[in-house]
Amino acid sequence: MTRYEIFVTYKRGIFDPPGATAARALANLGYDEVEGVSIGKYIRLDVADGTPEERVAEMCDKLLANPVIEDYRIVAKEV
Amino acid sequence: MRFGVVIFPGSNCEQDVVHAVRHMGHSADYVWHGDTDLSGFDAVVLPGGFSYGDYIRCGAVARFSPVMASVVRFAEEGRPVVGICNGFQILTEAHLLPGALLRNEGLKFICEPVHLRVEESVCEWLDLSAGSVMTIPINHNEGNFICDPETLERLKANGQIVLRYCEPDGTVLPGSAPNGALDSIAGICNERGNVFGLMPHPERVVDPLSGGTDGQAIFRAIAKRAAEVAG
């Protein structure tokens, strides 16, 4: 089994309402050093050994992320 | 005219749409998302709801339902395809309409009547006079329309913006969109003007019993367009 971790985040310039709310809440709690918060998704994908990363990228483009609003980063993990 | 109203697992406004269509004197039948036969229909409506529980993203799974390939072909033939609320989200995920719908700016589910200004658009078959104001309810958590600046320019240049959230007198102010939608956009169409997506629910204001009749114009127009295409 091969494990891939996928991080899906909003593209730069796309307003992220949960991130903005978290940033405001942190400021209210006195964390003045916070300069920005972005909230995204974490997907753990277990695939058959030998599955190339390109195949995972295809899954992201097709279903797991929406290229109109989101970027994704794929990280191969040792299990 | 005969309307096909698609049911995805998790759709919940299909009965309202069927009621609205029949109230307007047309016929309507349900189409299960696993079916692929749209022959005999003059217009297709993707209703609101929470298809596939809104998992991954609203509409992201529904766009791969077997019926969607037929909906794409139906649209390519120039026939009217209308997506309401979750149906609009599905149309953007299926790339039949540009942009995407994000969570509402205030992170709240909003269910309330809104004022909508009819824009001058390529969707002229909608037959609503530009500048007029309709009152139609919205009922969503992800109606915050977004697209990149180039797409927005293209939407404006091509006349693809059909409805904007506005004040009661029709003026569009920065805060008019209750969900934070870009440029107050509530509804758009494709370049050809036959695929129309909107967040508000016109089917809820067709029967006077449910509190209004502003949605009638939209169903009347869909039927008229369908009749034109059917020849």
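Structure first, text after, so check above.
Rules used in this analysis
- Residues numbered from 1 in each chain as written.
- Chains lettered and ligands numbered in written order.
- Predicted model: local features only at pLDDT ≥ 70, side-chain atom pairs only at ≥ 80, totals over all residues.
- Heavy atoms only, no water.
- Helix = DSSP H or I, 4+ residues; strand = E, 2+ residues; numbered from the N terminus.
- Expected span 1.5 Å × (residues − 1).
- Buried < 20%, exposed > 50% of the residue type's maximum accessible area, 1.4 Å probe, protein only.
- Arc of directions from axis to C-beta.
- Contact = heavy atoms within 4.5 Å.
- Buried area = accessible area lost by both parts, 1.4 Å probe.
- Salt bridge = Lys/Arg side-chain N within 4 Å of Asp/Glu carboxyl O.
- Polar contact = N/O pair within 3.5 Å; in protein donor to acceptor, adjacent residues only side chain to side chain.
- Patch = residues over 30% accessible without salt bridge, like charges linked within 9 Å, V, L, I, M, F, W, Y side chains within 5 Å.
- Areas by Shrake-Rupley, 256 points an atom, 1.4 Å probe, with all protein chains shown as cover.
- Pairing = 2+ DSSP bridges.
- Axes fitted to C-alpha atoms, helices over the stretch in contact; angles between N-to-C directions.

The subject of this paragraph is unusual backbone geometry. Residue and element names in this part refer to chain B. One non-glycine residue, Ile56, adopts positive backbone phi at about 70 degrees. Positionally, Ile56 belongs in the loop between strand E3 (43-46) and helix H2 (66-76). Positive phi values are uncommon outside glycine, yet Leu107 reaches one of about 60 degrees. As for its placement among the helices and strands, Leu107 is situated in the loop between strand E5 (100-102) and strand E6 (110-118).

Moving on, we get to helix H2 (residues 53-64) of chain A. Residue and element names in this part refer to chain A. The end-to-end C-alpha distance of H2 is 14 Å, clearly below the 16 Å that 12 residues give at a rise of 1.5 Å each. What H2 keeps buried is the set Val56, Ala57, Cys60 and Leu64. For H2, the angular spread of the buried residues around the axis is 105 degrees, confining them to a single face. Taken together, the buried residues of H2 touch strand E1 (2-10), strand E2 (41-47) and strand E3 (70-77).

Attention now moves to the side chain of B:Asn86. Topologically, B:Asn86 is positioned in helix H3 (residues 86-93). Once you skip the residues sitting within four places of it in the chain, B:Asn86 turns out to touch B:Pro47, B:Gly48, B:Gly49, B:Phe50, B:Ser51, B:Asp54, B:Cys58 and B:Gly59.

Once that is clear, we can look at the interface of chain B and chain A. Taken together, the contact between chain B and chain A spans 16 residues of the former and 15 residues of the latter. Taken together, the two surfaces of chain B and chain A that pack against each other cover about 1,300 Å², and 68% of this comes from carbon and sulfur. Of all residues in chain B, B:Ile56, B:Arg57 and B:Leu102 give up the largest surface area on contact with chain A, accounting jointly for 38% of the area buried on that side. At the boundary of chain B and chain A, one finds one salt bridge. For B:Arg57, the salt bridge goes to A:Glu70, with nearest N and O atoms at 3.8 Å. Between chain B and chain A we count four residue pairs in polar contact (both at pLDDT 80 or more) in total.

Residues and elements named next belong to chain A. A surface patch of nonpolar side chains, about 290 Å² in accessible area, is lined by Leu29, Tyr31 and Val34. By the element assignment, Leu29 lies in the loop between helix H1 (17-28) and E2. By relative accessible area, which is 64% here, Leu29 ends up exposed.

The next point concerns the environment of B:Met24. Residues and elements named next belong to chain B. The topology assignment puts Met24 in the loop between helix H1 (14-23) and strand E2 (27-32). Classification of Met24 as buried rests on a relative accessible area of 17%. Along the sequence, Met24 and Ala223 sit 199 residues apart, while their C-alpha atoms lie 9.3 Å from each other. Among residues more than four places away in sequence, those in contact with Met24 are Val206, Gln216, Phe219 and Arg220.

A few words on the environment of B:Glu142. Residue and element names in this part refer to chain B. Position of Glu142 relative to the elements: it lies in the loop between strand E7 (133-140) and strand E8 (144-146). For the pair Glu142 and Arg57, spaced 85 residues apart in the sequence, the C-alpha separation amounts to 9.6 Å. Those residues in contact with Glu142 that lie beyond four places of it in its chain are Asp54, Cys58, Gln89, Leu101, Leu102, Arg103, Asn104 and Met199. Within the structure, the side chain of Glu142 is placed 3.3 Å from the side chain of Asn141, a separation counted as a polar contact.

With that settled, consider the sheet that holds strand E11 (residues 195-198) of chain B. Through backbone hydrogen bonds, the strands of a sheet pair up, either in parallel or in antiparallel fashion. Residues and elements named next belong to chain B. Reading across the sheet, the nine strands line up as E2-E1-E3-E4-E11-E10-E9-E6-E7 and stay open at both edges, with mixed pairing between neighbours. Looking along the sheet, the strands with just one partner apiece sit at the ends: E2 and E7. The average undirected angle you get between the axes of adjacent strands in this sheet is 25 degrees. By the bridge criterion, four bridges tie E6 to strand E9 (residues 161-166) in an arrangement that is antiparallel. Pairing of Val118 across the sheet is with Leu163, part of E9. Set on the sheet, H3 makes contact with E3, strand E4 (81-84), strand E10 (185-189) and E11; between it and E4 the angle comes to about 120 degrees.

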